[in-house]
Structures are given as structure tokens and as C-alpha cells.
Amino acid sequence: MFFLKSLPFIFILLSVSSFAQKGPGGVGDSSNNGLWLRADSFSSYGSVSSWKDTSGNNNNAGQTAPTKQPISHSTSNLNGMPIVRFDGASGVTNGDEMAVPDADILDGTAGISYFVALRPNNLNASPRGILGKRISSGNTYNYSYTWFFWQTPQNLYVDLQTQDDRFYTNETFSNNINYILSYTFDGSLVSSERSKIYNEMNLIRTSNETSTMIENSNQPLAIAALNVGYGTYLGADFAEIIHYNYTVTEVERIIINNYLSAKYNITLTNNDFYDEDTTGENFDFKVAGIGQASDGSNHTDSQGSGIIRINTPSALSNDTFLFWGEDVKNANYNFSSSAATNYNERLDTKWRVSKRNNLGTVTLSLKASDITFNSPDGCNALKLIVSNSSTFATKTSYDLVLSGGVYTATGVTFNDNDYFTLEYKDLIVLDGTTFYNGAGTSNAPNTTDGCYKLLVKNTATGSLTLTENANVREVEVETGGILSTASNILLQVTNGIQNNGDIRLVGNSQLIQTHGGTNLNTGSGNLYVDQKANTSNFYQSGYWSSPVRKAGTAIGIDFAINDVLKDGSVATASTSSVGEAVDIDFIVGYDGDASSSPIKISKRWLAKLIDAPDWTRYLDPTSAVLKPTYGWNMKSVGATFTFKGLPNDGTYTSTITKDNYSLLGNPYPSALDSEAFIADNLSAINGTLYLYNSASDNTHVRGSYTGTYTTIVSRVTIGGGIYLPIGQAFFVTREADGSGTVTFQNSQRTITDVSDTASILAKSNQKNKYKSEYSFPLLRLGFSVEIDSDFTYKRQLAVAFRNLTQGYENGFDGEMFDQKPSDLGLIVKDRELPFVISTVEEFNNEIEIPLILVLDKNRKVTFNIDALENFDEASIFLNDRLENKFYNLSEEKVVLDLIQGTYSNRFFITFKKETLSLNDDVFNENFNVYQNDISKELVINNLGEQTINRITLYSLTGKKILKLEKDVLLNNEIRIKTNKISTSLYVIKIKTEQGVTSKKVFIR
């Protein structure tokens, strides 16, 4: 039995430093701390039927008889701490007692240690048992130990195994006194040294003991009696009972006594090394310690009942100790912030240390699960802070590194009486005229602060302005708080915004939110953001949308234009007002007026077009409702407007059906990336966006509008940028069967430089980000036609070389939305209507780009290269197939006088020049071509017996009439039926290995 019981004990001694000891004061664990009854473990107080063992061994004390159950109290004379009160009544059926069922760890060992903190109240001449494990007095075989008060005056007795070696103290004990008592037995010592009794740290009796083992009894452990049902009982307030299945060392005894002394305010007459329980700040709770006693025994790893583990002292020597205790009895270990902490999140508990001599640096750690630390994506750096001031006015910070669920700080230095706690930065705060905790200028946030929440306090002393781009996790603006930006600032927020004050985006500043899912924005406050129409022309139509909804309304609720669109501009200073931000005067007349105050806007032109073939006109700005995705038309007189309301955020949807149009708009207070929007909605819409650009209009007559449409496909745009500014609406269409759901979401919002997003709608000279962001070649072909002496109409076409085809690809080919009577377009295979953007295969000089030219009358037209982007070197030609001419557009523009008509197969853009000739002599040397009027055939004689690859017949407008490939051109005489060809002059082209020759022929 000795061998079996002692083997685990030896192993524990060898491995004790490999893990934290969580027993009393940080001494022991469940392998050797067999029982730990603490009165402060109860969640409620009253009659005690069960007292939980906190050692980890579940050796719970119990009492089923109600008349014998002690009473637990939440406060007491032991430093106000909870106790379990045993009444000490006489009689077997009356006195309070509890019993712990027999357990191997409680006896049968070569050593034992017990500690108790209590306050007796019925000591007299009768035996009063603290605890005992026996069946009855004198029973050798069921007798482990008893520990009790007896005689007058009261002495303290210990009786092990039999009564033969019973001994007692010369020191006497009294009622209503708080005591820390302990006894130990060590069977490995000489018999005269084996049994000891201590009062606090004072050894008050050493006695002879014959036995070398604690008897292995099957009896329960009685509390407040010598054994269960003994008949006389101890009346006492029990605060704590501690058992170890070995003899504690001197250093462990010092640590346990200092733990109990601080907790129950019982002064130690010696070795009182923890004094932070007597300084007035009462760091009494969950004291633990490490150190080395004067006898050389050491204990270097402790946690105790608290959450802080300290170990690995770097300079341990005799008589060196480090103790630490908490100032909160039942801490929740929550974090909070205030101005007093410079708005760092600081733990609601702090610790104080007592240090005796120098044991060097230590390692401090704690489990992540023991604190309520919210660290999104693990990016908030938890810190250990140490200071000689309870306010941490000056502090030393140590990084707590998370690994395996444990935070650890190494190389920590403590001085005697130091304070320590935990903190982290979770908030960047704007409080009056001061920023706290940001990484930017003057502690304001910048783009490295994405982990943190931005809090704007309510203050009467004004507010500061964001002067550099900033990323934060979320934003809260308190009632009365103001968050304003300088011009052209990007504020990026990962999650939601709670705004009960003002957020003011000045100039081109933008607010971007990046989370997925639905809206996270709440509050009764307003965001203010300016937008300006692109000219002062009151004839001009513009497509508008709102980045906000009316403050205080629910997500997705309808709004009226007057709810969100105001006259004014965002104040550039942090003042109590925002520009004017007053209601617009919506009038019934035709012409608005930006010079009036407030500005006048004609409501005749307010219109929407949502999933319909035509407009809904004459919207009432105060009652006609729009959804966050809806756009509206407005003639806006070039004024600066202020949008006012709660910022839109998250996912919004709108339905569109086959062959219908929808005027939808950017619903966010930031630019929208057209490429992302198109990619997300290819199954719902034709992947092209159209924005009206009407700067040249000078009439309200719709049929006389001269404006064009900015056209956007994936990564390519004509007439504007690929980023849609705040407040910009645009047309989408659907040609697929059924209906589609158009989706706007935060991932479509751009995080590009703010200055690259236009501040005016459909701005024709908006900077095109494409060139620097994308590497594929792009040709921008310019075209203009003189309409009259006062007006020249201009068109730009774009050809992108992106490894696609010359057929239609949704989202990459942009159909012409605004064809004029005289106009130029691109031909996309198998599509009838002209296109303004065509995306084709990768660039090579064999590519031919077909053009379609429509002229309502004889006109002078001009072709030129507007821009070449990402071309190394290329010669670009306009090929007139009718005239067999190649014009080098790379060198100069081309001006042609053309007759009225539709030229669908005459003009091509090519990248190499084929040799052509209209010289009849050259042609006639090789070919004889004539019309046989009788057989209605065009006859071609191959005089030079050349290999003919292709014969093509064109009308004078360039329309291809027929084409014969070489597999039918094997004869020296070729006949082509012309009975279905109209009488006219045509051009025949014959391509051979030597080149292409052409000749005009008349067919009738």
C-alpha cells in the first residue's frame, strides 16, 4: 500500500513545474490537493446540504438531514467573507455536521497536511471536533485521524490511527477568535518529528508518532465532529478547509498562510510577506505566490483560484518571494473604457504585488477563456501594464502573446508594491478637441486602425476633423457628437455605424463599409454629404440617386426626394450647424434657379423609370416614394446639394423583367465600382450601364436633346470613369426571358483614391482609372460629323483586346443606347444594333474591326484616334473597302465627304495595309470581267491563271453582296448568277496570292 500510494506522489514532485498549480495560494493541484472546501464557492446562501469541493476531486461534503445542516452566510467576522456556520448543538440528532465520503486521496498516505480558517464559538470541556476520519474511539482498523479541541482551557489535539500517540498543544484557544490552524504528518521523518501543529505560521507543537502511514480507513471524513454521529459538535464559522496528501514544504506553508491571512484578515506573526491586504486598498482576494524559503525549498509556478499564473523566476535564491492579489472579490473580468484610462479598455480588476528580495524577471500568463476580451480577427493587442501608481498614470507595457488559448508575457519585472492589470486598445475616441489612441496625426485614426472602433463623444467644446484617410472597425457618434472630414478623405468602416449625432463628408470625401449582408447602421443622427451637378445649364437632365435614407427610419424604407436632398453644403469647420441644409423650393415652372435662396428646382422634370418601358413623370418631391436602389431624373441647375440622412449600407435589390428599363442608382455614400456591379449582375441585366451626359442641351424639348450616354462595361467606359460617384444613377436593361434580381452590395463599393472619383455626375473628362489598373490594349476611335454650322456631333468608340470573340459577350460589349441620325458604331457578330464598345480577341495585326456608318444626308465626317492605351506600337488604318484605300489614322485624322446612306460593310479598322489597286490596266492584265445580260451572270476570266483565294462583291455603300471562297474558284472561267442582284454600280474584289485588286462593274 505504501508503494502504490507514494508512487504518484513522487511523480508529482518531479513534474510540478510543468503546469500551473491552482490549489490554495497556487500550491497543489487535483493530484495532491485532495479537498478544498471554500465558503466563498456558494452562489446562494442558506441551509447547506452540499458543500462543493473545489480541489477538482469532487470530494463534496454533504448532509441530508435538515436539522443537522449548517447555514452558509455571505458575510462574517472573517474579513466580511462568506462562512459556513455550524451551530455546535448537543445530541446526536441535533448538532450540525457534514461528511465527505471516503476517498483514496484522503488517507493511506505517508504524509498529510490540513489547513483550516475558522472562528469557534462553543469551546468548553467537551471534545469539539474540527474534522475526523474514524468509526469510533479506539477502533484501530477504521481510524485515520481526528483533529479537535478539548479540555479546559481548550487545547488542540491530533490523534492518528490509535489513541496511543495522541498529543495536544500547550497553547490554548478561545471562542470568537479567528484562526488559521494546520497540522502535518510526515512518516519519512524520525518518529519524534512526524506530527506537527501550527497556529498561523507558528509551530506550536511537535510530537512523537509511531505510525509511518496514515491508516487507510473506509470511513467518511466528518466536519465539526470527531466522527459522524459522535454526539458533541464544534460550533464555529468555517471559512476554508484544505487537505494535501503529502507534507507541504516550508515555502508552500508560507504561501498558503499568506493566502489565508490576506483573505480572512488574520495577521501572521512571522513570514507575513504579502502586505497588500493592509494598505487600505485591500488586495485581499485570490492571493498566490512563488518563491524560495530560507531552507532552500522552492515553488516556482502558481495560479491559485485566480486567473493569473506567474512562473519561471530568472534569479531565484533563498528568502525570495513574489505574491499577488486582487482588489475585487468576485471579479467578472470585463473590460471598460473611460477618459481616466485614455479610453483604453482596461480590466475591471487590478492586482498588487509584494516582492521580497530579488527573484528576477518572471513569466505571466492567463487563459483567453477567463476574460471577456473581444478581439475581432485577433487584431487587438492585449497588454499587461505594470505601474507604481493605482491609476497607471505611468506604466510599463508588455505584449501578451496568444498561443494555444493562453496569453503570455515574458521578461516581466515587478517592484515591491507595484500594481498590474490588463488593457487593450479597442476605441479611438474623439472627445472634444482631443483624439485618443489613433495611429495618425495627433492620435486621430489612419488606415492602419482597422481593428478599432471610432467613438465620437458628445461634447460642448467643439470637435476635430479627420485630415487623413482612416480605416476603423465600426463607428459610434453620441448625441451631440460631430465627426467631420477635411476634403477628399476616405473613411472606411468594416461593420456598422451607430449615429446619433452628425457625420459630415466634406468635398469629395467618402464613407465606405465593407461587411457583407444587410444594413448595420442605426441611429437618429444624420450623415451630410455634398454633390454638385455637372453644369449650370438648367436644361440639363441628370440621373440622381440617394446615398442616405431619412434618419430614424428602418432599413429599406421608402423615402421622398425632399426627405434626403437639401439646399446647402457641408460645413468645412467643426461647428454646430451644417451649411444651410434647408429644404429646396420645388417649383412648377420649367426653369430652376440656383441663385435664389433656397434654390429652385423644377418638379416638372422629376421622373423615375423602374422596370418599365417608359418614364413615370411629374414626381411629387414630398410624397412620391423611392427605394434605396431607385434613381430619378432631375434638371439640377448646377447647384451644390447636400444629402442628409442615415447612410445606406449593406445589400439592396431591385427586380427587372425582359425588355424593360430601370433607372437604378448608387445607393451608398461612396463611389461604386461598375466592374464589380456588372460582374455581380450578369444574370439579371445586359451588362452595360448608361448615364446621360447632356451638357450641350439647350432646350426642354426632348426630341431636340443633343446629349450622349456615357456607356460602361467591365473595365471599359466611353464618356466617363469606371467608378460611379455618390448620387449617380444609371440605366440598365434586360433582354433575357423572365425577371432578374439586381443586387447592390458593399463589396461593389470602391476603396480607390477618393480624388479619382468625380464629384459631378457623368463628368465627361472624369479620369479613367483603367489605363493604370489594367494591362489589355484599348483603342479609342473618335468620330465627328458636322450637323450644321453651329454644332458638330462627336462619338467615341472603344475596342478592347481581351482574349474574347467578335461575338456578343454580356458585360464586355456595350450596345449603343443613343443612336443619332448620323452616327458611327461597331458591328458585333450576330447583333443587329450598333455597339460603342466591343471586346475582341487578343491583339494581333490580322484583326479587322467592322464599322457601321449611318448618314441621314450627305455629310462631312471625320475619323481619328482619340487614345491608345497599353499598345506597344501599332499602325492603325481606316480601310475603305469600296475605294480600296487605307488611311493611316496613327499619323493623322481622316476627313471624308460621303453621300447619304448606311455603310455597313465599307469601313474597317485594320492593323496592316493590304496592297490594293483600282487601276483598270493592271486589273485587265489578269482578269476579264463582264456582265452577260442574256444569262444574267457575271463572268470572270482568270487570264493570268492565278490562284484565286476569294471574290467579294460590294455595293457602293460598302454592303457585302456576295462572297466566294477559293474552294469554288478552281476554274479559269467563273460565272456568278446576278438575276437577284439589283441594277447598280458595284465593286468586285479579287484576292490572290499576289494581293487584292478591285474594279467597278455595272450589273443590270
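It should be emphasised that the depicted structure is a prediction, and the values quoted were computed from it without experimental measurement. (Residues numbered from 1 in each chain as written. Predicted model: local features only at pLDDT ≥ 70, side-chain atom pairs only at ≥ 80, totals over all residues. Heavy atoms only, no water.)

Draft legend 1. Inspection of the overall build of the protein at higher detail. Summing up its helical and strand segments, the protein has 6 helices and 79 strands in all. Counting the 1004 residues in the protein, one finds 57% classified as buried. In the protein, the proportion of contacts linking residues at least 24 apart, taken out of those at least 6 apart, comes to 68%. (Helix = DSSP H or I, 4+ residues; strand = E, 2+ residues; numbered from the N terminus. Buried < 20%, exposed > 50% of the residue type's maximum accessible area, 1.4 Å probe, protein only. Contact = heavy atoms within 4.5 Å.)

Draft legend 2. Here's a closer look at unusual backbone geometry. With an omega of -5 degrees, the peptide bond running from Thr152 to Pro153 counts as cis. Within the secondary structure, Pro153 is located in the loop between strand 9 (143-150) and strand 10 (154-160). At the junction of Ser597 and Pro598, the peptide bond is cis and its omega measures out at 0 degrees in the coordinates. Tracing the chain through its elements places Pro598 in the loop between strand 47 (585-587) and strand 48 (600-602). Even without being a glycine, Arg715 presents a positive backbone phi close to 70 degrees. With respect to the helices, strands and loops of the structure, Arg715 is situated in the loop between strand 56 (708-713) and strand 57 (716-718). Judged by relative accessible area, Arg715 falls into the partly exposed class, the value being 25%.

Draft legend 3. A look at the packing of aromatic side chains. Taken as a whole and judged by the stated rule, the model has 55 aromatic pairs. Ring geometry for Tyr274 and Phe323: centres 6.4 Å apart, planes at 55 degrees, overall tilted. Within this pair, whereas Tyr274 is found in the loop between helix 2 (250-264) and strand 17 (285-292), its partner Phe323 is found in strand 21 (residues 320-326), the two being separated by 49 residues in sequence. The exposure classification of Tyr274 matches that of Phe323, with both residues buried. Residues Trp544 and Phe643 carry aromatic rings whose centres are separated by 6.5 Å and whose planes lie at 50 degrees to one another, so their mutual orientation is tilted. (Phe/Tyr/Trp six-rings, centres within 6.5 Å; stacked < 30°, edge-to-face > 60°.)

Draft legend 4. Seen up close, the confidence of the model for the protein. A residue-level look at the protein finds 89% of positions with pLDDT of 70 or above and a mean pLDDT of 88. Here residues 1-18 is a poorly scored stretch, pLDDT under 50, and it has 14 contacts once near neighbours within four places are set aside; other chains count. A low-confidence stretch, residues 754-772 stays under pLDDT 50, and its non-local contacts, those more than four residues away or across chains, total 61 contacts. (pLDDT = per-residue confidence, 0-100.)

Draft legend 5. Here's a closer look at the environment of Leu672. In this structure, Leu672 sits in strand 54 (residues 672-673). Each C-alpha atom, one on Leu672 and one on Phe744, is 9.3 Å from the other, the two residues being 72 residues apart in sequence. Setting aside residues no more than four positions away along its own chain, Leu672 makes contact with Asn666, Phe677, Ile722, Tyr723, Leu724, Phe730, Phe744, Gln748, Arg749 and Thr750.

Draft legend 6. Region of the structure containing the sheet that holds strand 76 (residues 960-965). The strand order across the open sheet built from 4 strands is 76-75-78-79, with neighbouring strands paired in antiparallel fashion. Each end of this open sheet is capped by a strand with a single partner; those strands are strand 76 and strand 79 (995-1003). When strand polarity is set aside, the average angle formed by the axes of neighbouring strands in this sheet is 15 degrees. Across 7 bridges, the pairing between strand 75 (residues 948-955) and strand 78 (residues 984-992) is antiparallel. (Pairing = 2+ DSSP bridges. Axes fitted to C-alpha atoms, helices over the stretch in contact; angles between N-to-C directions.)

Draft legend 7. Representation of the environment of Asn458. As for its placement among the helices and strands, Asn458 is situated in the loop between strand 33 (453-456) and strand 34 (465-466). Residue class for Asn458 comes out partly exposed when judged on its relative accessible area of 45%. The sequence separation of Asn458 and Leu430 amounts to 28 residues, and the corresponding C-alpha distance is 9.2 Å. Ignoring anything within four residues of it in the chain, the contact list for Asn458 reads Glu478, Thr479, Gly480 and Gly481. At a separation of 3.1 Å, a polar atom in the side chain of Asn458 contacts the main-chain carbonyl oxygen of Thr479. (Polar contact = N/O pair within 3.5 Å; in protein donor to acceptor, adjacent residues only side chain to side chain.)

Draft legend 8. Spatial organisation of the pairing of strand 77 (residues 973-977). In strand 77, alternate side chains face the same way, and those of Ile974 and Ile976 are buried while those of Glu973, Arg975 and Lys977 on the opposite face are not. As paired elements, strand 74 (residues 937-942) and strand 77 share 5 bridges and run antiparallel to each other. Across the sheet, Leu938 pairs through a bridge with Ile976, a residue of strand 77.

Draft legend 9. Inspection of the pairing of strand 78 at higher detail. Two strands pair when backbone bridges link them, and strand 78 and strand 79 are joined in this way by 9 bridges, in the antiparallel orientation. Its bridge partner lying in strand 79, Tyr986 is registered against Val1001. Hairpin geometry of strand 78 and strand 79 is characterised by an intervening segment of 2 residues between the two adjacent antiparallel strands.

Draft legend 10. Expanded view of the side chain of Asp880. Checked against the element boundaries, Asp880 lands in strand 68 (residues 877-880). Of the residues examined, Asp880 reaches a relative accessible area of 1% and is grouped as buried. A polar contact of 3.0 Å, which involves the side chain of Asp880, links it to the backbone nitrogen of Leu882. When residues no more than four places from it in sequence are discounted, the contact partners of Asp880 are Lys885, Tyr887, Arg906 and Phe907.

Draft legend 11. Structural detail: the sheet that holds strand 74. Overall, antiparallel pairing links the 3 strands, which are arranged 73-74-77 in an open sheet. Lying at the two open borders of the sheet, with one neighbouring strand each, are strand 73 (927-932) and strand 77. Adjacent strand axes in the sheet meet at a mean angle of 15 degrees, parallel and antiparallel pairs treated alike.

Draft legend 12. Quick peek at the nonpolar core. Grouped together as the largest cluster of nonpolar side chains are 62 residues, with contacts concentrated most on Leu483, Trp632, Phe641, Phe677, Leu689, Phe730 and Phe744. In this view, Phe641 contacts Val529, Asp530, Gln531, Trp544, Leu565, Lys566, Gly568, Ile584, Ile599, Ile601, Met634 and Ser636; residues no more than four positions away in its chain are not counted. In this structure, Val48, Met98, Tyr145 and Phe167 belong to the second largest nonpolar core, which totals 43 residues. (Core = buried A, V, L, I, M, F, W, Y, C linked by side-chain atoms within 4.5 Å.)

Draft legend 13. Geometry of the pattern of salt bridges. The final tally for this structure, using the stated rule, is 40 salt bridges. One salt bridge connects Asp659 with Lys658, and the closest N-O pair in it is separated by 4.0 Å. Salt bridges sharing partners connect three or more residues here, namely Arg38, Asp40, Glu240 and Lys263. (Salt bridge = Lys/Arg side-chain N within 4 Å of Asp/Glu carboxyl O.)

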